[in-house]
Amino acid sequence: MEDLRGGTKATAADAVAYLPCPLFVDLAGRPVCVVGGGRVAERKVRMLLGYGARITVVSPKATDFLRQAAAEGRLAWKGRPYLAGDAAGAALVVCAADEAAVNAAARDEALRNNQLVNIADGALGGNVAVPSVARRGRLQVAVSTSGAAPGLAREVRRELEDHLPPYLAEYVDFVGALRTMVRERVPGPAENRLPLYEAVAKSDLSQCAAEGRLPGLEEAYERIVLPKLKEMSS
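These figures come from a predicted structure and were not determined experimentally. (Residues numbered from 1 in each chain as written. Predicted model: local features only at pLDDT ≥ 70, side-chain atom pairs only at ≥ 80, totals over all residues. Heavy atoms only, no water.)

S.K.: Report on the state of the cysteines, specifying residues and quantitative values.
M.R.: Under the criterion given, the structure shown has zero disulfides. Between C33, a cysteine without a disulfide, and C95, which holds the nearest cysteine sulfur, the sulfur-to-sulfur distance is 8.2 Å. (Disulfide = S-S within 2.5 Å.)

S.K.: Got a sec to walk through the confidence of the model for the protein? Specific residues and values, please.
M.R.: Low-confidence regions, as indicated by low pLDDT, have predicted coordinates that should not be scrutinised in detail. Per-residue confidence for the protein gives a mean pLDDT of 91; residues scoring 70 or more make up 91%. Note on residues 1-10: pLDDT is under 50 here. Beyond four places in sequence and across chains, it has 25 contacts. (pLDDT = per-residue confidence, 0-100. Contact = heavy atoms within 4.5 Å.)

S.K.: Run through the environment of G216, naming residues and quoting values.
M.R.: For G216, the position within the fold is in the loop between α8 (205-210) and α9 (217-233). Sequence spacing of G216 and N103 is 113 residues, and the spatial spacing of their C-alpha atoms is 52 Å. (Helix = DSSP H or I, 4+ residues; strand = E, 2+ residues; numbered from the N terminus.)

S.K.: I'd like a rundown of the environment of A142, residues and numbers included.
M.R.: Note on placement: A142 falls in strand β7 (residues 139-143). Spatially, the C-alpha atom of A142 lies 8.7 Å from that of P22, the residues being 120 residues apart in sequence. When neighbours within four sequence positions are excluded, A142 is seen to be in contact with F24, P131, S132 and V133.

S.K.: Got a sec to walk through the packing of aromatic side chains? Specific residues and values, please.
M.R.: Scanning the model with the defined rule gives zero aromatic pairs in all. The lysine or arginine in question, R185, covers the ring of Y221, its NZ or CZ lying 4.8 Å from the ring centre. (Phe/Tyr/Trp six-rings, centres within 6.5 Å; stacked < 30°, edge-to-face > 60°. Lys NZ or Arg CZ within 6 Å of the ring centre and 35° of its normal.)

S.K.: Please provide a residue-by-residue account of the pairing of strand β4 (residues 92-95), values included.
M.R.: Note on strand geometry: in a regular strand, side chains alternate between the two faces of the sheet. The alternating pattern of β4 places L92 and V94 on one face and V93 and C95 on the opposite face, and all of these are buried. Direction of pairing for strand β1 (residues 31-35) relative to β4: parallel, over a ladder of four bridges. Bridge pairing links V35 to C95 in β4. When β4 meets strand β5 (residues 116-119), the two strands line up parallel, connected through four bridges. By the bridge assignment for β5, V94 is matched with N118. For the handedness criterion, the β-α-β arrangement of β4, helix α4 (residues 100-112) and β5 is classed as right-handed. (Buried < 20%, exposed > 50% of the residue type's maximum accessible area, 1.4 Å probe, protein only. Pairing = 2+ DSSP bridges. Right-handed = clockwise from strand over helix to strand, strands pointing away.)

S.K.: Let's hear about the packing of helix α7 (residues 194-201) against α9: which residues, and what values?
M.R.: Across the interface, α7 lies against α9 with an axial gap of 9 Å and an inter-helix angle of 140 degrees. Classed by the angle they form, the pair α7 and α9 counts as oblique. Here the hand of the crossing between α7 and α9 comes out right-handed. Taken together, the residues of α9 that come into contact with α7 (itself represented by P195, L196, A199 and V200) are I224, V225, K228, L229 and M232. (Axes fitted to C-alpha atoms, helices over the stretch in contact; angles between N-to-C directions. Parallel < 35°, antiparallel > 145°, perpendicular 65-115°, else oblique. Left-handed = near helix turned anticlockwise from the far one by under 90°.)

S.K.: Residues and numbers for the sheet that holds β4, please.
M.R.: Sheet architecture is open: five strands sit in the order β3-β2-β1-β4-β5, paired in parallel fashion. At either margin of the open sheet sits one strand with a lone partner, and together these are β3 (76-78) and β5. Averaged over neighbouring strand pairs, the angle between their axes works out to 20 degrees when direction is ignored. Note: strand β2 (residues 54-58) against β3, three bridges, orientation parallel. The partner of V58 across the bridge, within β3, is K78.

Printed below as a string of structure tokens:
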């Protein structure tokens, strides 16, 4: 079978040995080409719109949702078959056409151009597996089976969602703002700030968020960060 890296042939053991590296990619404002206009393509487009991607759909046909999104200017739609060069410059190419030959042509061209490629039906041959994601604001927990069992990934994601309380969204935003404050106020190498970040992580801020009583940023800085700074300088 084809290697996950887009190579020639590999055994099943090789495919496991070279599992995709989990990465979070910033697609906001970046061009993404979706090849196909059916229900599978629509599902991918809905997800990508949520991450701010600049989407171009290439397909003779399109679902009502895709047509409406194009009419509203939320994406571009080329209402014709995929042609060589359609995905040039795209940060990500999603192969979601109903015809396997069309997906293969788009995939092969993208791989030759060293682009990121996702095969929407989970077949091997691309170099990106889109995970099932549980979100609480900026907190994201991604689950992937590398395309082998998408249904299982969704099931595990649903179970994880039950263990991610809603207050985590506010907590993550607060800690992010506090870390920014530390970076701005504590100069020098990054390693100088690591003990401060650790103090924030070990503090009671998570419990405060759970109880709806997060302090102000300045109060948190004075109560958690300053004592650690004094300890480090003594």
